[in-house]
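Descriptive analysis of the structure
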Number of protein chains: 6
Amino acid sequence: MSKTGLVVTAHPGDFVWRAGGAIALHAKKGYRMKIVCLAYGERGESQFAWKQAGMTMEKVKAGRKDEAERAAAMLGAEIEFFDAGDYPLHLTEQHLDRLIDIYRELNPAFVLTHALEDPYNVDHPEATRFAQEARIIAQAMGHKPQAEYTYGAPPVFLFEPHQPEMCNFKPQVILNIDEVWEIKRKTFEILAAQKHLWAYYERVALQRGVQGGRNTGKPMTYGEAYQRLFPMALEELA
Amino acid sequence: MSKTGLVVTAHPGDFVWRAGGAIALHAKKGYRMKIVCLAYGERGESQFAWKQAGMTMEKVKAGRKDEAERAAAMLGAEIEFFDAGDYPLHLTEQHLDRLIDIYRELNPAFVLTHALEDPYNVDHPEATRFAQEARIIAQAMGHKPQAEYTYGAPPVFLFEPHQPEMCNFKPQVILNIDEVWEIKRKTFEILAAQKHLWAYYERVALQRGVQGGRNTGKPMTYGEAYQRLFPMALEELA
Amino acid sequence: MSKTGLVVTAHPGDFVWRAGGAIALHAKKGYRMKIVCLAYGERGESQFAWKQAGMTMEKVKAGRKDEAERAAAMLGAEIEFFDAGDYPLHLTEQHLDRLIDIYRELNPAFVLTHALEDPYNVDHPEATRFAQEARIIAQAMGHKPQAEYTYGAPPVFLFEPHQPEMCNFKPQVILNIDEVWEIKRKTFEILAAQKHLWAYYERVALQRGVQGGRNTGKPMTYGEAYQRLFPMALEELA
Amino acid sequence: MSKTGLVVTAHPGDFVWRAGGAIALHAKKGYRMKIVCLAYGERGESQFAWKQAGMTMEKVKAGRKDEAERAAAMLGAEIEFFDAGDYPLHLTEQHLDRLIDIYRELNPAFVLTHALEDPYNVDHPEATRFAQEARIIAQAMGHKPQAEYTYGAPPVFLFEPHQPEMCNFKPQVILNIDEVWEIKRKTFEILAAQKHLWAYYERVALQRGVQGGRNTGKPMTYGEAYQRLFPMALEELA
Amino acid sequence: MSKTGLVVTAHPGDFVWRAGGAIALHAKKGYRMKIVCLAYGERGESQFAWKQAGMTMEKVKAGRKDEAERAAAMLGAEIEFFDAGDYPLHLTEQHLDRLIDIYRELNPAFVLTHALEDPYNVDHPEATRFAQEARIIAQAMGHKPQAEYTYGAPPVFLFEPHQPEMCNFKPQVILNIDEVWEIKRKTFEILAAQKHLWAYYERVALQRGVQGGRNTGKPMTYGEAYQRLFPMALEELA
Amino acid sequence: MSKTGLVVTAHPGDFVWRAGGAIALHAKKGYRMKIVCLAYGERGESQFAWKQAGMTMEKVKAGRKDEAERAAAMLGAEIEFFDAGDYPLHLTEQHLDRLIDIYRELNPAFVLTHALEDPYNVDHPEATRFAQEARIIAQAMGHKPQAEYTYGAPPVFLFEPHQPEMCNFKPQVILNIDEVWEIKRKTFEILAAQKHLWAYYERVALQRGVQGGRNTGKPMTYGEAYQRLFPMALEELA
């Protein structure tokens, strides 16, 4: 059985900009990678689409869904959409129930989700709160007590927000994504409407790469930064 | 060439209570472990000795030195004393120069030292400041430019203080010390004058063990908690 | 077209004590100033009224509404009531929709609202959360996509809570309100039931005035302190 | 009239592990002690029960209720169950109304509840939020204005979470529970299914006892740590 | 034997503005109160004096000393001057030795000193650091081992700085100083050169008085706020 | 009389990478800009030079001085070297006296210096501490009481460190440096030995430019981020 990784993301762009490297890297290592995309970003993250005449909500959602599916495929991941609405997210008990099931089905080795705070975006911390709630309840044996599953609450890695200092984000892990950078970069191009962010997130990767190298002495060109929510247990310090 | 680990500690008890497990564990794995003990604790950490009639500073220092040497040997480490005086430490340029040399000689894979703050003890954060200063200056090629050495600034792990919350200590790593617990526990007994702390630090190890298990799902009985000062670079998240 | 300023306040007293100076000052400068008052404070901020025999909820609300209207007028502002109930606020999707419309109608140059935390008052941080949510969603082109408007998310200034240190409030801006102090002070008198706070908030203004002067070297007698939520962009540092 | 103390707890185990000493101590001093237990912990804190064949939700709840009643009785406290469901708690306006009534009935001299944050448990901070909301609204004269009662918002003490540093818990008060330790320890045994926590929380009490002694110079063997949410007013500093 | 209280203050004004109430109150209760005044404030806190023609360092110091002695006497305290120079303080090993002796002579029930941070004043946090260092070393039996004394490290209360939020000061204790307010206020008048601060610190006392009352329900007109550095041990929570 | 700006920097590179835009911009606006460069970076920031055969301390210092003078000239600033040694800085009373004189000579409208913390570099926070100490003492009329000068303590802006989140740096101001970007970028090329940082700091400027635009709605391509140490006083909020 291969290991799995779970990504809980508010909108499609987020898993590309913030975790595309981790997704592609672990997929390449043989992990089953699954993205839960809570909303299509149809209201708040589709400014370009809405500037076109005759646009409708259905068309925007369909366009964003198509992009997200192609991006996930390029990164090597499955994707499941919750269609919970965006700006703001409307997460229900049914959504929670489904995410708990996913945790139990996957028993993921790690979870990636948003930072704890984001004064620029109300959906991001709501996605984090929701991912944490499901992660915890999945441990509760009294939740669907007849179910068969193996589950241990996985470590949580918070991905880097757009303006990290304003979100009180502090990098604890810099993941070396050199070997999948080309894939991540190509995935940017699927998000044609957010072209202004391609260079921005390429620079983010380069800055984190320099810092990863400086913090460890091992060469790194492209990095992705994460903050851990829980202590890690180690058998050796180096 | 085996890897090395460096421990910079204010007083002898500290490396036993706070890092005895990490020292013994890495020694067992084949690391060359070296302790730099800045002071004998002759003034502030020898209350028991001073209660004896006719005690002198020389006798106290000799007694503490003997204990520290036996403890280091039992843990499998070398020890070097700086005899910098305690309560407060008097660290000079000569001490700094010597510690820089040690960093360059060892090129350690990691450094262990005290927490950043401690309102109960002025020597502890001073030791940390000093260990950090030397770690940084050892990188400066203009320091003893003719010297030959290989050196990369190592990751720093801060060890758990006596009252962790009051020192703003936050565990990021829990090291599993099960396989060396017996050694660590026996080392406590060398510190005969601090018998009241034997049970205290056994309980610390047990609590961190439970937490280590709970955070990771892997069984752990005895743990040692550390806070990392810098981000780590990873090739895989799980 | 004149510039506008928006104030989102939980209860009537708040815009007087905490932002009366900013409102009067900008009104005097020609800004269109609008207050959104989420609740009348009929349950939790009308202790005096409820001590009178035969008091009813309708009477309390009417009294508070009258006071708030007179206070807004004296300060030179429009006021709109959401009547969302207090202790606790019950903010609905309709309220959110209306506040988003207001953001788009006004395209304010700044927004004033409560601090992020307040362990003494549950309505205050809820008002802040709500003001932020609407400010963000108003940017979403998919929200009422046919609407015509000009809107850029404005800077947010958090006003000073009753016990600032306990709310982790940190002043970043001290606004000089000397030229409108007399107006602010007279507005206090409309809030007849909270006479015990008149002197309290006069002292707040005097303390912030002294601090404003000390931090800048420019004389200031009366000040209002604000915390900024976002970085500011500058063309010159002095 | 004796003084009263109120404990608002998410699940039954919490009032035993975290506040059992304070409850027994104040009961012994003649306080009327009341526990509001929001949920039975039937889903998330009954792992042992659910491992038994043929278990049902009713049986789990009945078992937990019985344990909680016996534990409360042993500690000398009344207990009231809200049966709000756990993992997650579903607290309604009716629950809020009832808790407000309880605050007014008891006019407690202090309230004990959970820490402000807990990344391991979603019910704990929700219980705290709820306890605070009711404490504040109970002050609002417009809430049930015809009611007769005496009420002053009491000081709030947050009890120690399972992994205190990860919850940003900082001890400000260490309560000496030596004279009731035997009672607290016996109460552990009622929680037969959580036997693995008996030793854990005995060690917590011993560690806090050592720290209580070290911080004050007065001997203490067993302690319970609390964080205060508000400043205290004193007539004398020592 | 009466209890004692120790105040370690950078400059003369500080013990008046920040701790005058605590000093007078405990003196009235029969405590022996002792002030250690590290510098006369001759360089940085005597702006008025230096504006006079023909002023010399000796005259400024003499004037400040006279004021400080009269203020201490009015509050009911002894005062000892270290004459360590101000802006910046030059604290030597001799000063440290003397302060350690004072801790041991007095065995104070509490210590009052400055806040941990102050971006407006370099002497204030240096005084705090010094007061803490001496408090800790006084515990070291190896310091002057032949000396006879009784000493337990006392609780530390940090007094309120001029701009509390900017110093990350958080009030944990509000001391009711109503019964000595008249004395404190009269002492202000001894500091004739700082007349602009009389009203400022009267307002501080009034604001803390209101807050003290609001936090506890007990009436208080004048308060002094303190932050505790260590947990307190209690026998009862209310 | 033109306004002046003061920059206190540990090493030559710092004023280029971190404040080159602010220096050039204000020089262009007619400010007299002065850089105080505490050390040449001869030991810790000249790795490239030391790799050359036959290098001596004098040669390294001369090379760095030449670079710094050319960079300052290109930015339009004066520069004064304190030659205090680096890794670590050895700042003396004479250095302090000189910096105080400079503050009084310039009476600067603002001061730029390093962040408050930097776990990667011991010289940076030491430079900040020193810049603050001098800024404060320059206010003390008892310091050189016969001197003639006009001085008001200026606002302090902390410049962005290499790894901002690890230094707890939080941007409060983003300065638009578009009109001087070409100058700043050309200055990079003077620092030939640190070619690996040219692209790094170009990306920093681009990222801050995007963020500056996003936070204000005004277009910005290149930005420099600063944190303010003190509140600002305003006459208008927008």
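Residues numbered from 1 in each chain as written. Chains lettered and ligands numbered in written order. Predicted model: local features only at pLDDT ≥ 70, side-chain atom pairs only at ≥ 80, totals over all residues. Heavy atoms only, no water.

- An unreviewed UniProt entry annotates chain A as PIG-L domain-containing protein originating from Rhodoplanes elegans.

1. Here we look at the sheet that holds strand 7 (residues 223-228) of chain B
- Taken in spatial order, the 8 strands line up as 8(A)-6(B)-7(B)-5(B)-4(B)-1(B)-2(B)-3(B) in an open sheet, and their pairing is mixed. With partners counted over all chains shown, the strands left at the sheet margins are strand 8 (232-234) of chain A together with strand 3 (77-81) of chain B, one partner each. Within this sheet the neighbouring strands show an average axis-to-axis angle of 30 degrees, counted without direction.
- Note: strand 5 (residues 156-159) of chain B against strand 7 of chain B, 3 bridges, orientation antiparallel. By the bridge assignment, Phe157 of chain B is partnered in strand 7 of chain B with Arg228 of chain B.
- The strands touched by helix 3 (residues 57-75) of chain B within the sheet are strand 2 (32-37) and strand 3 of chain B, with strand 3 of chain B carrying the most contacts at an inclination of about 155 degrees. (Pairing = 2+ DSSP bridges. Helix = DSSP H or I, 4+ residues; strand = E, 2+ residues; numbered from the N terminus. Axes fitted to C-alpha atoms, helices over the stretch in contact; angles between N-to-C directions. Contact = heavy atoms within 4.5 Å.)

2. Brief notes about helix 4 (residues 93-106) of chain F
All names here are of chain F.
- Over its 14 residues, helix 4 extends 20 Å from the first C-alpha to the last, a length consistent with the 20 Å expected when each residue adds 1.5 Å.
- Of the positions making up helix 4, those classed as buried are His95, Leu96, Leu99, Ile100, Ile102, Tyr103, Arg104 and Leu106.
- Residues of helix 4 that are buried in the fold lie against strand 1 (4-9), strand 2 (32-37), strand 3 (77-81), strand 4 (110-113) and helix 5 (123-137).
- One or two positions beyond helix 4, positive phi appears at Asn107, with a value near 45 degrees. (Expected span 1.5 Å × (residues − 1). Buried < 20%, exposed > 50% of the residue type's maximum accessible area, 1.4 Å probe, protein only.)

3. Thoughts on the relation of the copies chain E and chain F
- Once turned by 120 degrees and shifted 0.0 Å along the axis, chain E lies on chain F with an RMSD of 0.0 Å. Seen this way, the second copy is the image of the first under a three-fold rotation axis. Among all C-alpha atoms of chain E, that of Glu117 of chain E lies closest to the rotation axis, at 8.0 Å. (Least-squares fit on C-alpha atoms with pLDDT ≥ 70 in both.)

4. Re the environment of Lys195 of chain C
Residues and elements named next belong to chain C.
- Residue position: Lys195 is located in the loop between helix 6 (181-188) and helix 7 (198-216).
- Take Lys195: its relative accessible area is 56%, and that puts it in the exposed class.
- A C-alpha to C-alpha distance of 14 Å links Lys195 and Asp14, two positions 181 residues apart in sequence.

5. A closer look at the relation of the copies chain E and chain D
- Each copy of the sequence occupies a distinct position, and chain E is placed on chain D by a rotation of 180 degrees and an axial shift of 0.0 Å, giving an RMSD of 0.0 Å. A rotation of that kind, with that shift, is consistent with a two-fold axis. Among all residues of chain E, the one whose C-alpha sits closest to the rotation axis is Gln172 of chain E, at a distance of 4.6 Å.
- With an isologous cut-off of 70% or more, the 100% of interface residues of chain E that recur at the interface of chain D puts this contact in the isologous class.

6. As for the packing of helix 1 (residues 12-28) of chain F against helix 6 (residues 181-188) of chain F
All names here are of chain F.
- As a packed pair, helix 1 and helix 6 sit with axes 9 Å apart at the nearest point and diverge in direction by 145 degrees. The crossing of helix 1 and helix 6 is right-handed. Contacts from Val16, Trp17, Arg18, Gly20, Gly21 and Ala24 of helix 1 reach helix 6 at Ile183, Lys184, Thr187 and Phe188.
- Per-class residue counts for the contact of helix 1 with helix 6 are 5 nonpolar, 3 polar and 2 charged. (Left-handed = near helix turned anticlockwise from the far one by under 90°. Nonpolar A, V, L, I, M, F, W, Y, C, P; charged D, E, K, R; others polar.)

7. Section: the interface of chain E and chain F
- Tallying the contact residues gives 16 residues for chain E and 17 residues for chain F.
- In total, chain E and chain F occlude about 1,300 Å² of area from one another, counting both sides; carbon and sulfur atoms represent 67% of this.
- For chain E, the biggest contributors to the area lost against chain F are Arg43, Trp50 and Pro119 of chain E; these three give 34% of the whole.
- Here chain E and chain F share 0 salt bridges between them.
- If you look at where chain E meets chain F, you find 6 residue pairs in polar contact (both at pLDDT 80 or more). (Buried area = accessible area lost by both parts, 1.4 Å probe. Salt bridge = Lys/Arg side-chain N within 4 Å of Asp/Glu carboxyl O. Polar contact = N/O pair within 3.5 Å; in protein donor to acceptor, adjacent residues only side chain to side chain.)

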